Amino acid sequence: MKTKSDRRSVLKKLTAGAGLSVLPLSLANVFAASEKALGPKLKGQINHSVCKWCYGKIPLETFAQEAKKIGLKSIELLGPEDWPTLKKYGLTCALPNGAGMGIEKGFNDPANHDELVKSYEEIFPKLQAAGYTTVICFSGNRRGMSDIDGMRNAAVGLKRLMPSAEKYNVTLIMELLNSKVNHKDYMCDRTEWGAGLCEMIGSEKFKLLYDIYHMQIMEGDVIATIKKYHKYIGHYHTGGVPGRNEIDDTQELYYPAIMKAIVETGFKGFVAQEFIPKRPDQIASLKQGVEICDIA
Amino acid sequence: MSLPLTMTNVFAASEKVLGTKLNGKINHSVCRWCYSKIPLDTLAQEAKKIGLTSIELCGPEEWATLKQHGLTCALPWGEGLTRSLDKGFCDPANHDELIKGFTDIIPKVQAAGYKQIICFSGNRRGMNDVDGMRNCAVGLRKLMPLAEKHNVTLVMELLNSKVNHKDYMCDRTLWGAGLCEMVGSEKFKLLYDIYHMQIMEGDVIATIRKYHKYIAHYHTGGVPGRNEIDETQELYYPAIMKAIAETGYTGFVGQEFVPSRKDDIASLKQGVTICDIA
């Protein structure tokens, strides 16, 4: 098999290189090890998911088959209409969508609360029936509002949903997004703010989506921030910085170290690849992303 | 294999350069203080073996040793208050002493054949960003004629104020770039410390691309922890070095991590190897 022999030759080259060096270049070792995971089985330390929108041109049916081949257990940011397809392929949806008023109109504005509450209460039973335990939500844009007013408003709106969230065992996960490059004026753009909102709501049914790409753009200090705030984090996204493309050597973050830190916090949820493949073979890029994150 | 695992390739390639020759895209330096247990004479010999051409953050008392080993000092420091991190240019009360100190050291830097000297903003002590920037500019501008005359650039370090240097003022690239504009001379620039700025603001490559014209020096360090810059930390240094080289940078990159492993020279060699992009 072509794949296997190529892999073997890379490993061989690596071994030869390592023999010459005075010290172990352990970054190389990490990748040599990750190559062994290529193919059927991943290591099980990280639960891998992927965001469908990054592969918009690929039909969900095809994508589900490819995802399974790689070893992914979930395709996410999909609504009720797509859940049957996922089930057909034995995939879960680690973070569904299908409720709310979009990214810019969210819980920070009391004018949206009635509609948001209605929308999320409609989806909770569907989520539970599908066997899903999370749903994404957003703060909305700031529109001149102060941090504390926005936090207070968001807490008031979200608290209305907590009893039914508890009843249906669904956690609302608010995404942290950058407001510098992709989502100008978005309010939930700092981990500290999100953690404050979690405390204000005071329920295990509200958590944060720490998007590594977005937060590297906004604040850096990724591992220290994850260690400090992990109890408020229910989900992770990836992406190369800068550019939001492949998470490989073309960008500034070393994802295996970040994944290790996430595992060390005791995280049992999913890490979803949310980069936009730049190379023509998008599935190969996805596979590479999963491999990079699939730590031993 | 269906796709190239390019991180692996980068390191496989970089291994070839271990030992004899570095690639020449990055000028490698190292900060003296991270190896304080090693006598300078020994460190200089080891540095040369690795292929470093500079040991930095050395004062006038150490320059002779560097010369003996044919090494430069990419970023020297002075003496007295000019070496102080927490008492700097943001407080006008320090200006007289700082100006005296830099006036004394700048000709010595030139005489030694060096082109830069480090300086600091000092701590904030309740001062707002704009007042601090203005104060710094007023003090630094007084030194610019002398700096220009002796062809010595004052390089202010960006430090994190979250973990290591609480209350330090020059803790954001944006602020430093503002100060550069306010001073308005090519003889005042910034030291972008990748470790410190990753802690403070992240977005390393985009920030370097945006502000590189204000940057005259770079430091490294693993985040978090300030140890080895390898797979134990969150930054992928080869990509950052590539971005630095792409800005047309011809200065030095100084390794400024504190080795956590026993063999500090092996750690230094590894750091240089990681940054030595092809």
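Undergrad: Just to check I follow, could you spell out the nonpolar core for this structure?
TA: A general trend in soluble globular proteins is that nonpolar side chains are found buried together. Core analysis: the biggest nonpolar cluster contains 164 residues, and Ile258 of chain A together with Ile240 of chain B have the highest contact counts within it. In contact with Ile258 of chain A, not counting residues within four places along its chain, are Ile212, Val222, Ile223 and Leu253 of chain A together with Glu234 of chain B.

Undergrad: Sorry, what's going on with the sheet that holds strand E1 (residues 27-31) of chain B here?
TA: Strand pairing in a sheet relies on backbone hydrogen bonds, with the paired strands running either antiparallel or parallel. Residue and element names in this part refer to chain B. Taken together, the 7 strands give an open sheet; going across it, the order is E2-E1-E7-E6-E5-E4-E3, and neighbouring strands pair in parallel fashion. Of all the strands in the sheet, the pair left with one neighbour each is strand E2 (54-56) and strand E3 (116-119). Ignoring strand direction, the axes of neighbouring strands in this sheet form an average angle of 30°. Note: E1 against E2, 3 bridges, orientation parallel. Opposite Val30, over in E2, you have Ile55 as the bridge partner.

Undergrad: Please clarify how the pairing of strand E6 (residues 215-219) of chain B should be interpreted in this entry.
TA: For a regular strand, side-chain orientation follows a simple rule: the groups alternate between the two sheet faces. All names here are of chain B. Burial runs high along E6: 5 of the 5 residues are buried. Note: strand E5 (residues 188-193) against E6, 4 bridges, orientation parallel. Within E6, the residue paired with Tyr192 across the bridge is Tyr218. Of the strand pairs in this sheet, E6 and strand E7 (residues 252-255) are connected by 2 bridges, and their pairing is parallel. From the neighbouring strand, Tyr218 faces E7, where its bridge partner is Val253. In this fold, the crossover linking E6 to E7 by way of helix H9 (residues 237-246) has right-handed handedness.

Undergrad: So what exactly am I meant to see when it comes to the pairing of strand E5 (residues 206-211) of chain A here?
TA: Residue and element names in this part refer to chain A. Of all 6 residues in E5, 6 are buried; the element is thus mostly enclosed. Of the pairings in the sheet, the one linking strand E4 (residues 171-175) to E5 comprises 4 bridges and is parallel in character. When the bridges of E5 are listed, Leu172 appears paired with Phe206. Following the backbone out of E4, through helix H7 (residues 191-201) and into the adjacent parallel E5, one traces a crossover that is right-handed. Two elements, E5 and strand E6 (residues 233-237), share 4 bridges in a ladder whose sense is parallel. Across the sheet, the residue bridging to Tyr210 is Tyr236, located in E6.

Definitions and limits used
Residues numbered from 1 in each chain as written. Chains lettered and ligands numbered in written order. Predicted model: local features only at pLDDT ≥ 70, side-chain atom pairs only at ≥ 80, totals over all residues. Core = buried A, V, L, I, M, F, W, Y, C linked by C-beta atoms within 7 Å. Buried ≥ 20, exposed ≤ 12 C-beta atoms within 10 Å, placed from the backbone. Contact = placed C-beta atoms within 7 Å. Pairing = 2+ DSSP bridges. Helix = DSSP H or I, 4+ residues; strand = E, 2+ residues; numbered from the N terminus. Axes fitted to C-alpha atoms, helices over the stretch in contact; angles between N-to-C directions. Right-handed = clockwise from strand over helix to strand, strands pointing away.

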